Amino acid sequence: MSKFLVQAYRAAMLAGASDLSREHQEVISGMEGALKRFGRAMPQHRRWAMRIDLAEYAHEHGFEEDSTLIRYIAERVSKRSNLGNVMPSALLAWMKRWPWFLVLDGLDEVTEPTVRKRLIERVTELVTHAEADDCDLFVVLTTRPIGYTENIAPTQFERIDLDYLEPRQAVHYGTLVTKVRLRNDLDRIEKVVRQLEKAAEDEALRNLLRTPLQVLIMTIIVGAAGRLAPDRFSLFWGYYDIVFRRERDKQTSLNRILQEHGQQIQQLHERIGFELQARSEAGDRSNATLTHQELEDFTWEVLHEAGFKPSGIDADLRSKIVAAATRRLVLIAPRGDEGYGFDVRSLQELMAAMYLTAGPLDVVTARLRTAAPSPHWRNTWIFAAGRLFSTPQHHEHKALVELVESIDDGAHARLGHVVPIGPRLALELIDDGMARSLPKWRDRLIAHGLRVLQEPISTDLHAVARILARFADVGDEQRKTVAEGLRDALGGSQIARSTAEIFQALVGLVHEGPYSRPGTRGLAEVLRRPGGSMLPAPADGWADFDDEIATHPLSEDALGKVTSAVAAIRRMSQQSGTDWDEKDVDAIIAGLADDQGALALAAALHHVTAHEWNLVRVLRDGVLPAVYRAAVGELLR
């Protein structure tokens, strides 16, 4: 989408020029046609357009104190120019004289806390200086919603959350891409479109028609007579299986390798997916790749573990498997001079999930417990959960649900009982659809997920409302479950009542579309249970907080860290905005990093968070994101 927007502004910038080639004119006409299909015209305000991949910027300049976005843009322009180096000062002068359209793409792929913080500072610095210089600068910054808590420059940026495709939009998009893919094969096109229309009418499959990538994959699976399952893991794994079988059945020089060594090729993809996912946690490797030698080495390891002799009689096999993985399946693809990687991030995360879920169940659940808090690993985590649910293994389903229910127990280092992650994990699994046909586990997950209504109002409550509204739309039983959770919250603490009331106000906004059930809108009118008395406001617990700290057994080193953390907590609890003192944030993080300190702080905070809404908000939005983003890849091997 970011590339499309930039291309639209570039086309508008050049439209009408007298020195364009026929190819340039065709590109501009094509863009006009594409926009017209969306009911939009070419941008009327001509802007100089530029797209910056933030993962690449972090990879090249993430740890440089003096790096700026303008300097990086100057480097990028210089590489493409035939006129020599373009100086940053020239770009600044250009920005003052001519309107710009700047896309900063992929903040979610910059996960290392120090680099991410510095990058956000650079973005804020750019827009602040542009505003001070009265520049006409239109900036779009993109990110996945998971893990985005910073609320960057709220006076200069407006947050816009993209919604999922509606079923009719998904079918329309699927029809277009199928016509492009299959061209003149009218019978297959008709078959695929007919299956998409059926999926749009099927409540179990409709949730897959949410994103363009998922719709594209569905068309590929349906076109190959594949089976659709109602969860993302099965969808993406079905895509891998279709691609693998398609290439295996072709009469090529490598089809025998694919036929006889499919397991080793799959294991290679899994290992590389995990390795790249782990590497991309590092600030200077957000855009991680493998060199050709590293690809050869991973192949050697896979073959060696399978009993082959990759340094001896099976050396030729190693090179053939590398060729099959990179030239035939086209999931691991070359990235210029940098090496090899996955072109589609979700496929990398899928393969990393396969790696995480290989091994004894206790090892798998331990890995998932470690990875759960990390935004960087969240999509991988959901794929991993989907894999466990995709098999008819009762003990695996049980272990996963119990993991979600207990994920915050004993998690003192991230204040699991102050700011739990389990309820949101449960809702994401519910929304994925993996437990849809397993009511025993579905009901336990939604019961845990509804605990979000007991928490202070959060910035993602709109997304939570969408998930619960979609769940309520499934049927009367599901709608009743959500209503009962609402009643519990409305009759609960003052914090829960406030959150539930805001949720009810959101229901009408998020509940719309051709497949929405009228009864779900009634959630906005749910009342607390009659006859039940609302819980009184909790007493001030700061005296108990102090007593807990004073009586907790701490070493001298831990005591120093906890004392500093307590002072920082006191100061931050009085703040109403988001301009937190870095020293206070660092002091709390240091206290939590100490095992004794984390236990003491968690126990003490238990006494005050019931009435200190603002303190929970500060810890949730200002402190814990850095804790969640700590690299865990090495712990998952």
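Residues numbered from 1 in each chain as written. Predicted model: local features only at pLDDT ≥ 70, side-chain atom pairs only at ≥ 80, totals over all residues. Heavy atoms only, no water.

Undergrad: So what's going on with the overall build of the chain? Which residues, and what values?
TA: Scanning the chain from N- to C-terminus turns up 29 helices and five strands. Against the globule reference of 26 Å for 637 residues, the chain gives a C-alpha radius of gyration of 26 Å, in line with a compact fold. The dimensions of the chain, computed from C-alpha atoms along their principal axes, are 75 × 65 × 60 Å. Counting across all 637 residues of the chain, residues that qualify as buried make up 51%. In the structure as shown, the chain presents an accessible area of about 30600 Å², 52% of it carried by carbon and sulfur atoms. Looking at charge distribution, the chain has the averaged site of its 78 positive side-chain charges lying 6 Å from that of its 90 negative ones. (Helix = DSSP H or I, 4+ residues; strand = E, 2+ residues; numbered from the N terminus. Rg over C-alpha atoms; globule rule 2.2 N^0.38 Å. Buried < 20%, exposed > 50% of the residue type's maximum accessible area, 1.4 Å probe, protein only. Areas by Shrake-Rupley, 256 points an atom, 1.4 Å probe, with all protein chains shown as cover. Lys, Arg positive; Asp, Glu negative; His and termini not counted. Charge placed at Lys NZ, Arg CZ, Asp CG, Glu CD.)

Undergrad: Let's hear about the sheet that holds strand β1 (residues 48-53): which residues, and what values?
TA: The strand order across the open sheet built from three strands is β1-β2-β3, with neighbouring strands paired in parallel fashion. Only two strands of the sheet have a single partner each, and these edge strands are β1 and β3 (137-141). Strand-to-strand twist in this sheet, taken as the mean axis angle between neighbours without regard to direction, amounts to 15°. Both strand β2 (residues 100-105) and β3 contribute to a ladder of five bridges, which runs parallel. The partner of Phe 101 across the bridge, within β3, is Phe 138. Sitting on the sheet, helix α1 (residues 2-14) is in contact with β1, β2 and β3, with an inclination near 160° to β1. With respect to the sheet, helix α5 (residues 88-97) is in contact with β1, β2 and β3, its orientation differing from that of β2 by roughly 120°. (Pairing = 2+ DSSP bridges. Axes fitted to C-alpha atoms, helices over the stretch in contact; angles between N-to-C directions. Contact = heavy atoms within 4.5 Å.)

Undergrad: Talk me through helix α18 (residues 394-406); I want residue IDs and the actual numbers.
TA: Counting along an α-helix, one turn takes 3.6 residues, and residues three or four places apart therefore face a common direction. Between its first and last C-alpha, α18 extends 18 Å over 13 residues, near the 18 Å set by a 1.5 Å rise per residue. All of the buried residues in α18 are Glu 396, His 397, Ala 399, Leu 400, Val 401, Leu 403 and Val 404. (Expected span 1.5 Å × (residues − 1).)

Undergrad: Tell me about unusual backbone geometry, residues and numbers included.
TA: For residues besides glycine, phi is generally negative; the peptide bonds are generally trans as well. Even without a glycine there, the phi angle at Asp 134 is positive, about 60°. The backbone phi angle of Leu 415 is positive, close to 55°, even though this residue is not glycine. In this structure, Leu 415 sits in the loop between α18 and α19 (422-432).

Undergrad: If you had to explain the packing of aromatic side chains to someone new, which residues and values would you point to?
TA: Applying the stated criterion across every chain, the model contains 14 aromatic pairs. When the ring of Trp 48 is compared with that of Trp 100, the centres are 4.7 Å apart and the planes differ by 55°; the resulting orientation is tilted. Here Trp 48 is found in strand β1, whereas its partner Trp 100 is found in strand β2, with 52 residues between them in sequence. Owing to a relative accessible area of 1%, Trp 100 belongs among the buried residues under this scheme. Ring plane angle 70° and centroid distance 5.3 Å describe the contact between Phe 236 and Phe 383, whose orientation is recorded as edge-to-face. (Phe/Tyr/Trp six-rings, centres within 6.5 Å; stacked < 30°, edge-to-face > 60°.)

Undergrad: Tell me about the packing of helix α12 (residues 262-279) against helix α14 (residues 315-328), and name the residues and values.
TA: For the pair α12 and α14, interaxial distance at closest approach is 10 Å and the crossing angle is 65°. For the pair α12 and α14, the crossing hand works out as right-handed. Together, Gln 264, Ile 265, Leu 268 and His 269 of α12 and Ile 321, Ala 324 and Ala 325 of α14 make up the contact between the two elements. In terms of residue class, the contact of α12 with α14 is made up of five nonpolar, two polar and no charged. (Left-handed = near helix turned anticlockwise from the far one by under 90°. Nonpolar A, V, L, I, M, F, W, Y, C, P; charged D, E, K, R; others polar.)

Undergrad: I'd like a rundown of the pattern of salt bridges, residues and numbers included.
TA: All told, the structure shown has 44 salt bridges when counted by the stated rule. Residues Arg 71 and Asp 66 are paired through a salt bridge, measuring 3.9 Å at the closest nitrogen-oxygen approach. Its relative accessible area of 38% is what places Arg 71 among the partly exposed residues. What makes Asp 66 exposed here is its relative accessible area of 52%. In this structure, Arg 424 and Asp 460 form a salt bridge, with 2.7 Å as the shortest nitrogen-oxygen distance. Within this pair, whereas Arg 424 is found in helix α19, its partner Asp 460 is found in the loop between α20 (439-449) and α21 (461-473), the two being separated by 36 residues in sequence. On the basis of relative accessible area, Arg 424 is assigned to the buried category, the value being 18%. Connected through salt bridges with shared partners, the residues Glu 275, Arg 279, Glu 294, Glu 634 and Arg 637 form a single ionic network. (Salt bridge = Lys/Arg side-chain N within 4 Å of Asp/Glu carboxyl O.)

Undergrad: Got a sec to walk through the environment of Met 1? Specific residues and values, please.
TA: Along the chain, the position of Met 1 falls in the segment before α1. Considering only alpha carbons, one finds Met 1 and Asp 249, 248 residues apart in sequence, at a separation of 34 Å.

Undergrad: I'd like to hear about the environment of Thr 289, residue by residue, with values.
TA: Mapped onto the elements, Thr 289 comes out in the loop between α12 and α13 (292-305). A relative accessible area of 14% means that Thr 289 is categorised as buried. On a C-alpha basis, the gap between Thr 289 and Arg 279 in space is 8.4 Å, while along the polypeptide they are ten residues apart. The contact partners of Thr 289, leaving out residues within four places of it in the chain, are Leu 276, Arg 279, Glu 294, Arg 335, Glu 338, Gly 339 and Tyr 340.

Undergrad: Could you give an account of the packing of helix α10 (residues 232-248) against helix α15 (residues 345-356), naming the residues involved and the relevant values?
TA: Remark: α10 packs on α15, axes separated minimally by 11 Å, with the N-to-C direction vectors making an angle of 100°. The angle between the axes of α10 and α15 places the two elements in the roughly perpendicular class. Of α15, the residues touching α10 (which contributes Arg 232, Phe 233, Phe 236, Trp 237, Tyr 239 and Tyr 240) are Ser 346, Leu 347, Leu 350, Met 351 and Met 354. Counted by class, the contact of α10 with α15 contains nine nonpolar, one polar and one charged residues. (Parallel < 35°, antiparallel > 145°, perpendicular 65-115°, else oblique.)

Undergrad: Before we move on, could you go through a nonpolar patch on the surface and cite the residues and values that matter?
TA: Together, Met 1, Leu 5, Ile 160 and Leu 162 line one region of the surface with nonpolar side chains, adding up to about 480 Å² of accessible area. By the secondary structure assignment, Ile 160 is in the loop between β3 and α7 (167-182). (Patch = residues over 30% accessible without salt bridge, like charges linked within 9 Å, V, L, I, M, F, W, Y side chains within 5 Å.)

Undergrad: Describe the pairing of β2, listing the residues and the values that go with them.
TA: β2 sits mainly inside the fold: six of its six residues count as buried. With six bridges connecting them, β1 and β2 associate as parallel partners. The residue bridging Trp 48 from the neighbouring strand is Trp 100, located in β2.

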